[in-house]
Amino acid sequence: MNLSAMSRVARLDLTLLWRNRTALFTVFGLPILFAGMLVPMKGQEIGGVDGALLQGTGHLGFFLVFAVFMNLVTVFTARREDRTLKRLRGTALSDAEITGGSVLTATAMYAVQALALLAVLGIAFGGRFPADPVLLLAGLAGGAAVFATLAFVISGITPNAEMAQLTVLPIMFACMLGAGVMFPMDGLPEWLQQVCRFTPLSPVVEIARTGYFGQDFVHRTASHPPVGIAEGWLTCVRPFLYLAFWAVIGRALASRWFRWEPRHA
Amino acid sequence: MDNAAIRVDGLRQRYGDFEAVAGISFDVAAGELFALLGTNGAGKTTTLETLEGHRAVHAGTVRVLGHDPHRERRKVRPRIGIMLQDGGFFADLTVAETVDHWRGFTPAARDRDEAIGIAGLADKAGVRVRQLSGGQKRRLDLALALLGRPAVLFLDEPTSGMDPEARHATWKIVRDVVAGGTTVLLTTHYLEEAEHLADRLAILHRGRIETSGTVGEVVAGHGDRISFQMPGDLPVTELPDLRGARADISVDGGRTVASYTVDGVGLQAGLYELLRWADEERVRLDGLHARSASLEDVFLRTAEGATR
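Residues numbered from 1 in each chain as written. Chains lettered and ligands numbered in written order. Predicted model: local features only at pLDDT ≥ 70, side-chain atom pairs only at ≥ 80, totals over all residues.

(A) Spotlight on the nonpolar core. Of all hydrophobic cores here, the largest spans 140 residues; its most connected members are L64, V68, F69 and A151 of chain A. Top contributing element to this core by residue count: helix 3 (residues 51-81) of chain A, with 18 residues. Ignoring any residue separated from it by four or fewer positions in sequence, one finds L64 of chain A in contact with F69, Y110, G143, A144, F147 and V204 of chain A. I226, M230, Y260 and V265 of chain B belong to the second largest nonpolar core, which has 11 residues in total. (Core = buried A, V, L, I, M, F, W, Y, C linked by C-beta atoms within 7 Å. Buried ≥ 20, exposed ≤ 12 C-beta atoms within 10 Å, placed from the backbone. Helix = DSSP H or I, 4+ residues; strand = E, 2+ residues; numbered from the N terminus. Contact = placed C-beta atoms within 7 Å.)

Shown next, in the form of structure tokens:
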């Protein structure tokens, strides 16, 4: 894979994203909306941390669903159906460069959102500098890889770009509910909590919160005890394994379902 | 053929139970233009896409510039140009932006103005692709396919939807490209296009090659005809055999018409025999008509013959 070729595809993606108002809203409008929803949570303490910060660190993970997952499902599906993927594939670009360029743009958009959100949390909500920025980054990067992979899978079973609004819903809702971003999971029965923890966004949020607060957000105790750097990574072994599991499953399904051309062609 | 740029040997392609290509073989020499003709569903596009590396073969072998285009895509792609049958543009980009981005994906690309000139869209450079007509998009497509000065060019119905002027301009570009040494494989519905451009051609029907060769070879022996009105006083039995070809008598608009199909004999020899006989017998041949088979005759006969 040639990085400069990939960056040229990424530049094309950026130009197209800029021209497409709907996609632009998904990538920039929705995060602003969600950031606005943090305001009423400010000052409410949940499990020893500020509610807005808890919610906001959940959004750090949740933004992956818009900027990476939904965005890429739409991009891959629309380009397959209008045969631009096929045309790109007729150039000297390799397959990995073509799709990698789109993943690169989506990830860069997500990185902008995540940095902006971290800044907003710090400035407007009394947030801190992440306790372990490397752990935080590793969790979000792992999440970006998993959601990009899932985008390949879902685009493969999405008949056209309009239908992408529907086919992303199961994973989107599972993530919203499962990761405890929308509401805390403490009230759920134990078995359901276990299922929720397994949804692809949960490990991202657990790692992100642990890295941000320097407290254990993996084991669902009421108090979230503080963890040091090494302890934090050890705490996050299970969520990283879950992410690895999703990446492997996603990759296997993507290689089976992802298509470069419309089915009827 | 030692200098073959494209080799197809026993190619078969299947979609489920449907065999789209049922065992075809042909070679295209370097610098040659080869046309694949056929009705819709004959297997032209499937063959082309296999050679472009878009799909693996079910059986047989294909080679482009000595490589398997599917498995060795990275070796083949930088040296080929592909014009798709339709679609494949980013509608929100302008013509110039499209060319610029594609130049970024193409090693040793032509410069922007040259490419836009090939597309004949110099006055439309700032127009978004969605606003181009069908024919203009085809021209842009051709310009993109030629961007990297490919050794092998694949054209899938390159002039469909074009007005006659654009079609002739496109033919000129294709002829220039071939003169420059590029190998071209094109599919077309337009027999006139094949007659104008092709060094050799093959007629595909239901996944098989029914006939192939130069236009002359393909057409030879496919319905060369001589006809004339029967002189009123001449008994039918007096008509000569033209080196074995016998007269068919039909009635057309109240007139009796004699016609010979002289495939085996050839038009020239058949005509000579007839005229010599007429001269000797002092018979006047009104409405004398001699006609070579056209590609259209062969094409229609192939399509009919194979359905029978």
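This is not the end of the story, as more comes after the structure.
(B) Inspection of unusual backbone geometry at higher detail. Residue and element names in this part refer to chain B. Backbone geometry at L65 places phi at a positive 55°, although glycine is not the residue there. Positionally, L65 belongs in the loop between strand 4 (59-64) and helix 2 (73-76). Here L65 falls in the partly exposed class, since 19 other C-beta atoms lie within 10 Å of it. The residue A108 is not glycine, and still its phi comes out positive at about 50°. Note on placement: A108 falls in the loop between helix 3 (95-105) and helix 4 (112-119).

(C) Spotlight on the sheet that holds strand 13 (residues 289-291) of chain B. All names here are of chain B. The antiparallel open sheet is built from 4 strands, whose spatial order is 11-12-10-13. Edge positions in the sheet fall to strand 11 (248-252) and strand 13, since each has one partner strand and no second. Within this sheet the neighbouring strands show an average axis-to-axis angle of 25°, counted without direction. The pairing of strand 10 (residues 225-229) with strand 13 spans 3 bridges and is antiparallel. What sits directly across from S227, in strand 13, is H289. Across the sheet, helix 9 (residues 267-281) is in contact with strand 10, strand 12 (255-261) and strand 13; its angle to strand 10 comes to roughly 30°. (Pairing = 2+ DSSP bridges. Axes fitted to C-alpha atoms, helices over the stretch in contact; angles between N-to-C directions.)

(D) Quick look at the interface of chain A and chain B. The interface is formed by 15 residues belonging to chain A together with 18 residues belonging to chain B. Breaking the side of chain A that touches chain B down by element, the ones donating at least two residues are helix 1 (3-19) and helix 4 (84-89) of chain A. Here the side of chain A that touches chain B gets 4 residues from one element, more than from any other, and that element is helix 1 of chain A. Grouping the constituent residues of the side of chain A that touches chain B by class yields 4 nonpolar, 5 polar and 6 charged. (Nonpolar A, V, L, I, M, F, W, Y, C, P; charged D, E, K, R; others polar.)

Keep in mind that these numbers describe shape and distance, not what the molecule does.
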